[in-house]
Amino acid sequence: MEADLHVAENPSACVQPPSLSILHRLRASRERLKFIRVPNYVWCAIFTGIGGFIFGFDTGSIGPITVMPQFEAQFSPGGKHLSPTIQGLIVSCILLTASLASLFSGPLSDRISRTRTISLGASVFAVGSAIACSAKAMPQLFVGRCVAGVGEGLFLSVVTVYAVEIAPASSRGRLGSVVQLFITIGIASGYFVCYGTVRASSSLSWRVPFGVQVVVCTLFALGAPLLPHSPRWLRHIGRVSEAEAAWMRLGVGNVDAEKTDENVQRENTTKSGWWKESQQMWKKGVRTRTALGVFLMAMQQASGIDGVLYYAPVLFSNKQDCPPQRHPL
């Protein structure tokens, strides 16, 4: 009876304290979580993925922009639909200048570093997007798109090279795909931003997507010089001590850093002219892999995916105009 009264007065006495083994496990788990830290090279690769986002955002937004009624009222006489030729030139002029600028991005990045080339390309893209955003006539829009293409050609390939060069061998494939992931996110973002801005009755409906590109590119251009230089590039130009410091700043272990440095030294000693290097792709045992890579890239373009990405609104509107057909199935 006295025991029952004691329990009634102290309800906490019925609660059994946790066992020491459980407490030890919780403390050990908490200690392990303290040591889980994302390496700096992962954050650097994610930041460079913004370049892929910029490319994807332009890809996903330019098609909807060209079919917006506010855009047609600004650049088409009488507010009529743009001709297929003009529409195709607006979409593709950025790709034409980007393909030409990409020929110089590699030598330029070898000369002034990867990070400065990324910053320069992002700055040029921001200027081109600002020109297009403030356009009041078709020639100004074309100039803005062409200038943006020059910047895109400078930074787009370099961001992937930088992400691969700063990563250890065990994480190189995963970090190399970060840019492609951001491209996909950018394409989806471009579609949804235009889906929201098309409801605006003023020219802001098509100026806002260009303005978003200006803001993102400006931040990208300002942040790129703050990234550590590629240790591979530093060793390539003979700054060995700075390369070792860059590996430490990126959080790469000594074993992975030494392995990458050995590969760089081996490539530098066996380096030859571009003609001999290109012949290596067609040597016995390698030519099948080269042919497979060329085949996959060609089939990607032949599948028509770029037409869907750039002209999705046009294709969907044409589908609505077509009369329904009956299929035997």
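This structure is a prediction, so every number in the text was calculated from the model and none was measured. (Residues numbered from 1 in each chain as written. Predicted model: local features only at pLDDT ≥ 70, side-chain atom pairs only at ≥ 80, totals over all residues. Heavy atoms only, no water.)

Describing the overall build of the protein chain
Selection criterion: Strands are runs of DSSP state E lasting at least two residues, helices are runs of H or I lasting at least four, and both sets are numbered from the N terminus onward. Type-normalised accessible area, obtained with a 1.4 Å probe on protein chains alone, sets the label of each residue: buried when under 20%, exposed when over 50%, and partly exposed for intermediate values. Exposure was quantified through the Shrake-Rupley algorithm and a 1.4 Å probe, taking into account, for residues, occlusion by the shown protein chains and nothing else.
When its secondary structure is counted, the protein chain shows 16 helices and 0 strands. Looking at the protein chain as a whole, 36% of its 329 residues are labelled buried. A total of about 19700 Å² of accessible surface is found on the protein chain, and carbon and sulfur atoms cover 66% of it.

Section: the pattern of salt bridges
Spelled out, the test is: Here, a salt bridge means any side-chain nitrogen of Lys or Arg that lies within 4 Å of a carboxyl oxygen of Asp or Glu.
Within the structure shown, the criterion is met by 5 salt bridges. Close ionic contact of D110 with R114 constitutes a salt bridge, the shortest N to O distance being 2.7 Å. On the basis of relative accessibility, which here comes to 35%, the residue D110 falls in the partly exposed class. If you follow the salt bridges from partner to partner, you end up with D110, R114, E165 and R232 in one network.

A short note on the environment of F53
The criterion, for reference: Two residues qualify as a contact provided that any one of their heavy atoms is within 4.5 Å of a heavy atom in the partner residue.
By the secondary structure assignment, F53 is in helix α3 (residues 40-66). Judged by relative accessible area, F53 falls into the buried class, the value being 17%. Contacts of F53, omitting those with residues within four sequence positions, involve F182, I183, I185, G186, S189 and V216.

Here's the deal with the nonpolar core
Inclusion rule: For the purposes of this section, nonpolar cores are sets of buried Ala, Val, Leu, Ile, Met, Phe, Trp, Tyr and Cys residues that join through side-chain atoms within 4.5 Å.
In this structure, F71, I118, L141 and F210 are the most contacted members of the largest nonpolar core, which totals 54 residues. Per-element tally for this core: the top contributor is α3, with 10 residues. When residues no more than four places from it in sequence are discounted, the contact partners of F210 are I62, I65, S129, A132, C133, L141 and R145.

Describing the packing of helix α6 (residues 114-133) against helix α10 (residues 204-223)
Helix packing geometry: the angle between the two helix axes and the distance between the axes. Test applied: Lines fitted to C-alpha atoms define the axes, with helix axes restricted to the stretch in contact, and inter-axis angles between N-to-C directions lie between 0 and 180 degrees. Throughout this description, any angle smaller than 35 degrees is read as roughly parallel, any larger than 145 degrees as roughly antiparallel, any in the 65 to 115 degree range as roughly perpendicular, and the remainder as oblique. Note on convention: near helix rotated counterclockwise from far helix by under a right angle means a left-handed crossing. Clockwise means right-handed. Think of it as three bins: nonpolar holds Ala, Val, Leu, Ile, Met, Phe, Trp, Tyr, Cys and Pro, charged holds Asp, Glu, Lys and Arg, and polar takes everything else, Gly as well.
Interhelical geometry of α6 versus α10 gives an angle of 160 degrees and a closest axis separation of 8 Å. With respect to each other, α6 and α10 are oriented roughly antiparallel. At the point where α6 passes α10, the crossing takes the left-handed sense. Of α10, the residues touching α6 (which contributes I118, S119, A122, S123, F125, A126, S129, A130, A132 and C133) are W206, R207, F210, G211, Q213, V214, C217, T218, F220 and A221. Of the residues contributing to the contact of α6 with α10, the split by class is 13 nonpolar, 6 polar and 1 charged.

What to know about the confidence of the model for the protein chain
Which entries qualify depends on this criterion: On a range of 0 to 100, pLDDT expresses the predictor's confidence in each residue.
Per-residue confidence for the protein chain averages 82 on the pLDDT scale, and 78% of its residues sit at or above 70. Within the protein chain, the element-level pLDDT minimum falls on helix α1 (residues 2-9), averaging 50, and the maximum on α6, averaging 96.

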